[in-house]
Amino acid sequence: MNEQQSIRVYEHADELYRMAATFVAEQIRSAIDNRGQALIALSGGSLTSRLYPLLANAPLREQIDWSRVSIVFADERYVPFDDSENNYRATRQTFLDHVPVHADQVFPVPTYYRDPQQAATIYQQQLTALLTAHGGQIDVALLGMGPDGHTASLFPRHPVLTAIPAGALTVVVADAPKPPPLRLSLTPAALNTARAVVFVVSGADKAAAVAAALADTGDAMAQPTRLINPVAGTVYWMLDRAAAERVTQ
Ligand SMILES: O=C(O)C(O)[C@@H](O)[C@H](O)[C@H](O)COP(=O)(O)O
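These figures come from a predicted structure and were not determined experimentally.

Novice: Which parts of the structure should I look at to understand the side chain of Gln 5?
Specialist: Mapped onto the secondary structure, Gln 5 falls in strand β1 (residues 5-10). Using a relative accessible area of 16% as the deciding quantity, one classes Gln 5 as buried. A distance of 3.5 Å separates a polar atom in the side chain of Gln 5 from a polar atom in the side chain of Trp 237. Non-local contacts of Gln 5, meaning those with residues more than four positions away in its chain, are made with Leu 214, Thr 234, Val 235 and Trp 237.

Novice: What exactly am I supposed to notice about the sheet that holds strand β7 (residues 183-186) here?
Specialist: Strands in a sheet are paired, the pairing made by backbone hydrogen bonds, and the direction either parallel or antiparallel. Here 3 strands make up an open sheet; going across it, the order is β4-β7-β6 and the pairing antiparallel. Across the chains shown, the open sheet's two edge strands, defined by having one partner strand only, are β4 (75-77) and β6 (170-173). This sheet shows a mean twist of 15° between the axes of neighbouring strands, independent of strand direction. The sheet contact formed by β6 and β7 spans 4 bridges and is antiparallel. Its bridge partner being in β7, Thr 170 is matched across the sheet by Leu 186. Contacting β6 and β7, helix α5 (residues 116-133) runs over the sheet at an angle of about 160° to β6.

Novice: Where do I start with the site of the ligand in this structure?
Specialist: By nearness alone, 15 residues border the ligand, and Ser 46, Asp 75, His 150, Ala 152 and Lys 206 come closest of all. The separation between an oxygen atom of the ligand and a polar side-chain atom of Arg 77 is 2.7 Å. At a separation of 2.6 Å, an oxygen atom of the ligand approaches a polar side-chain atom of His 150. When the ligand sits alone it has 420 Å² of accessible area, and the protein chains cover 90% of it. Partitioned by chemical class, the residues of the shell around the ligand number 2 nonpolar, 8 polar and 5 charged.

Novice: Looking at this model, I keep getting lost on the packing of aromatic side chains. Mind explaining?
Specialist: The description of an aromatic ring pair rests on the distance of the ring centres and on the angle between the ring planes. Applying the stated criterion across every chain yields a total of 8 aromatic pairs. Relative to Trp 237, the ring of Phe 199 has its centre 4.2 Å away and its plane inclined at 15°; by these criteria the two rings are stacked. You can see Phe 199 sitting in strand β8 (residues 196-201) and its partner Trp 237 sitting in strand β9 (residues 234-240), a full 38 residues away along the chain. When sorted by exposure, Phe 199 lands in the same class as Trp 237, which is buried. Of the aromatic side chains, those joined through ring pairs into one cluster are Phe 73, Phe 81, Tyr 88, Tyr 112 and Tyr 113. The side chain of Arg 8 reaches across the aromatic face of Phe 23, ending 4.9 Å from its centre.

About the thresholds
- Residues numbered from 1 in each chain as written.
- Predicted model: local features only at pLDDT ≥ 70, side-chain atom pairs only at ≥ 80, totals over all residues.
- Heavy atoms only, no water.
- Helix = DSSP H or I, 4+ residues; strand = E, 2+ residues; numbered from the N terminus.
- Buried < 20%, exposed > 50% of the residue type's maximum accessible area, 1.4 Å probe, protein only.
- Polar contact = N/O pair within 3.5 Å; in protein donor to acceptor, adjacent residues only side chain to side chain.
- Contact = heavy atoms within 4.5 Å.
- Pairing = 2+ DSSP bridges.
- Axes fitted to C-alpha atoms, helices over the stretch in contact; angles between N-to-C directions.
- Near = heavy atom within 4 Å.
- Areas by Shrake-Rupley, 256 points an atom, 1.4 Å probe, with all protein chains shown as cover.
- Nonpolar A, V, L, I, M, F, W, Y, C, P; charged D, E, K, R; others polar.
- Phe/Tyr/Trp six-rings, centres within 6.5 Å; stacked < 30°, edge-to-face > 60°.
- Lys NZ or Arg CZ within 6 Å of the ring centre and 35° of its normal.

This is the structure we're talking about:
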């Protein structure tokens, strides 16, 4: 197990999401207290419906100076902003439209480019500038994991995993097994700048993937979460009992 790793298990999903939202709010507050600002990376999926509303409502909403928070996306489905599959759209609906975050501090993946590679290049430039302004680190990267073990849009055994150029911060993922098939993801190198990577995973359908991800050894190409090893940060696994059921350590 990665030494910079912490595993926390909660009895029920409700408790998991409540504790995860509280933890993320603490991380954001501590970044603002220590460095005057916070840079966070968001994922889609169940976080959108279960965790983000907790940040967008009392008491957590009032505990954060949102004017000091910048937001990027760990991954995005390459569909227009008004498509119901778009993570930015979903995140606005449950989170960003309900907190006083400055519009110019929210960085959606620019899926309006016809060429996703162009979007990847531009998003990389934006992230590079943000990292420079934030001392080289994302403060909190919030990630989910699918039953197949994917995280962000890094899918097990997807050819792109071995084709990411050194130093690239963004990557276009075509033929993703989870729809929609065209996606843009932050790379492990980008996510590994994080001070805190927080995996929030619930449900028995993910128990096997969680156990494989946390086993002492394993193939990173089959378990992309193993590619997430922050250079100067900690990985937090926050699980409900059902997702943790097959973890042996
Ligand atoms: O598809 C996306 O947009 C994601 O960001 C993706 O990586 C997600 O976090 C996982 O698929 C887990 O999703 P669930 O929590 O809904 O299972």
